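Topology and contacts: notes
What follows is the residue order along each chain.
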Amino acid sequence: MLAETLARLYNMLPLLWDGLQTTFLLTLTSLVAATIAGVVMGFLRAYNIFPLSYFVYVYEKVLRGVPLLVIFLILWLVPPDFGFRIDRLHAAFLGLALRSAAYQAQIFRGAINSIPRGQVEAAKSLGMSRTKGIQHIILPQVLRLSIPGWSNEFTIVLKDTSIALAIGVTELMRRGDQLAVLHSDIVLEIFLLVALIYFIIVFTVNKILSFIEEKFRMKGYEVEVER
Amino acid sequence: MTMLEVKNIHKAFGELQVLRGVSLDLDKGETKVLIGPSGTGKSTLLRCINQLTPPDKGEVWLDGVEITDKSVDINKYRQEIGFVFQHFNLFNHLTALKNVSIGLEKVKGIEKEEARERALEELKRVGLSDKANQYPAELSGGQKQRVGIARALAMDPKVMLFDEPTSALDPELIGEVLEVMKSLAGEISMLVVTHEMGFASSVANEIIFLENGVVVEKGSPKKFFENPDKDRTKQFLSKIATLYGDSGDR
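So, here is what we can say about the structure in this document. (Residues numbered from 1 in each chain as written. Chains lettered and ligands numbered in written order. Predicted model: local features only at pLDDT ≥ 70, side-chain atom pairs only at ≥ 80, totals over all residues. Heavy atoms only, no water.)

**Looking at the overall build of chain B**
The helix and strand tally for chain B stands at nine helices and 10 strands. On C-alpha atoms alone, chain B measures out to a radius of gyration of 18 Å, which is about the 18 Å that the 2.2 N^0.38 rule sets for 250 residues. In terms of overall dimensions, chain B has C-alpha extents of about 55 × 45 × 35 Å along its principal axes. Residues counted as buried form 57% of the 250 residues belonging to chain B. Contacts spanning at least 24 positions in sequence make up 65% of the contacts within chain B whose residues lie at least 6 apart. With the model as given, the accessible surface of chain B reaches about 10600 Å², and the carbon-plus-sulfur share is 44%. Where the 33 positive side-chain charges of chain B centre and where its 38 negative ones centre are 2 Å apart. (Helix = DSSP H or I, 4+ residues; strand = E, 2+ residues; numbered from the N terminus. Rg over C-alpha atoms; globule rule 2.2 N^0.38 Å. Buried < 20%, exposed > 50% of the residue type's maximum accessible area, 1.4 Å probe, protein only. Contact = heavy atoms within 4.5 Å. Areas by Shrake-Rupley, 256 points an atom, 1.4 Å probe, with all protein chains shown as cover. Lys, Arg positive; Asp, Glu negative; His and termini not counted. Charge placed at Lys NZ, Arg CZ, Asp CG, Glu CD.)

Right under this line is the structure:
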């Protein structure tokens, strides 16, 4: 019985793999876009560059206060009213990226603010321009300090790709859902398998990020993070 | 030969008038010490010189160039003004060596290996060759400040500004920093804000007493400590003596 179930689950792997590729694609692209946007917005906020900092503030408040599903639905349903269409995958990518950017702006803003002001002055006193100061002094420290928060964000984005099933994106969760309909006697087993796949990815990537954090840590300034 | 000339500097923070027309000059190789009560604008004056805090009025001339001129690229001239901070302000993510070499590499554009060697020399000069690979958090206060001095020296500045370099240090760590500063005296032009009267009397060419944003009195250490003109100066010196002990050399 068990062996038979396992065999059936095993046979589902190619289909799940197909969905997993979409999950990966969505996670990676939206994270990369959101990280870039998040860093920029974090700096705009931390340096209080008016009026952009104000727009970022409003953006953060709105995007963090709205369910992801609603963001997806707006991106999916509203554009046709204006005569264009965003396909499912792109709508999902945009929704994830827009929301994650709002969260990441907070992560980076916090990290930027935690760099002592005196270091910026020291950089200036050596003749560094503002850009060089950011590039060589601020950003390297901000990125190090952001790894724990970013690692969390990765976990959230990866699992929230599953919400894209609501607008019909065939990612891992939707593949699981489709299989569950066909194999209604082992629904729980299928979803447990899907959960296991998510878990393995999260666990592995967080381990890798911990390793990176350790490798680039500032001696004497490490923050202990339980993973 | 005048290295640094400060003319009639004014600076206010809102309602608070911190500097009300301060002038001074510094010749090549000279050491001048700025003293005065807290909040009288000593640090602000130093920060006005390298424009970390731009003055409201007045001029700063460095080796014949007016660096308060708006058309001047201040980043270029800041390289020529070493600044040592009260709280060190080392770059926490970089080793002692990298703290010293980063300005050479990223500002002066010196090739990495050469910058490394130069930085090592500077660390040697402040007695920290063995700490090159330590991070700031692994160093004592005195060592941090010596790295701070090495970092400023590495840029080969025309003038060094010291903003209360020993005020944040434990008493037993002050000596090592003052030793390094003494070793520089005569070699490089220095303007030092400090309460270390021993250092002032043994190293300074001139002592400048600043209060309420103006220069109250200035003179050679001998004249200043033994026979000051102004009553206010005497009063201040007696207070300092009570607080920090006599002006004995450390």
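**Quick word on the side chain of Thr161(A)**
Along the chain, Thr161(A) falls in the loop between helix H6 (130-160) and helix H7 (172-182). With sequence-adjacent residues up to four places away left out, Thr161(A) is seen in contact with Thr23(A), Leu26(A), Thr27(A), Leu96(A), Glu171(A) and Tyr198(A).

**A short note on a nonpolar patch on the surface**
Together, Ile49(A), Phe50(A), Leu52(A), Tyr54(A), Phe55(A), Tyr57(A), Val58(A) and Val62(A) give the surface a local cluster of nonpolar side chains, amounting to about 810 Å² of exposed area. Here Phe50(A) is to be found in the loop between helix H1 (2-46) and helix H2 (52-65). (Patch = residues over 30% accessible without salt bridge, like charges linked within 9 Å, V, L, I, M, F, W, Y side chains within 5 Å. Salt bridge = Lys/Arg side-chain N within 4 Å of Asp/Glu carboxyl O.)

**Regarding the environment of Ile156(A)**
For Ile156(A), the location among the structural elements is in helix H6. Distance from Ile156(A) to Val56(A), taken between C-alpha atoms, is 21 Å for residues 100 residues apart in sequence.

**Observations regarding the pattern of salt bridges**
Residue and element names in this part refer to chain B. Under the definition given, this model contains 22 salt bridges over all chains. A salt bridge links Arg-116 to Glu-113; its shortest N-O distance comes to 3.7 Å. Of this pair, Arg-116 and Glu-113 both sit in helix H4 (residues 112-125), three residues apart, which is roughly one turn of the helix. Judged by relative accessible area, Arg-116 falls into the partly exposed class, the value being 38%. A single salt-bridge network, built from bridges that share partners, covers Asp-25, Lys-32 and Glu-206.

**Structural notes on a negative patch on the surface**
Residue and element names in this part refer to chain B. On the surface, a cluster of negative charge is made up of Glu-111, Glu-114, Glu-117 and Glu-121. Following the sequence through the fold, Glu-114 ends up in helix H4. Classification of Glu-114 by relative accessible area gives partly exposed; the value is 40%.

**Description of the sheet that holds strand E4 (residues 57-62) of chain B**
All names here are of chain B. With antiparallel pairing, four strands are arranged side by side in an open sheet as E2-E1-E4-E5. Each edge of the open sheet is held by one strand with a lone partner, namely strand E2 (16-27) and strand E5 (65-66). In this sheet, E2 lies alongside strand E1 (residues 2-13) in antiparallel orientation, the contact comprising nine bridges. Note that in E2 the partner of Val-6 across the bridge is Leu-24. Strands in contact with helix H1 (residues 42-49) are E1, E2 and E4; relative to E1, the strand with the most contacts, it is inclined by about 120 degrees. (Pairing = 2+ DSSP bridges. Axes fitted to C-alpha atoms, helices over the stretch in contact; angles between N-to-C directions.)

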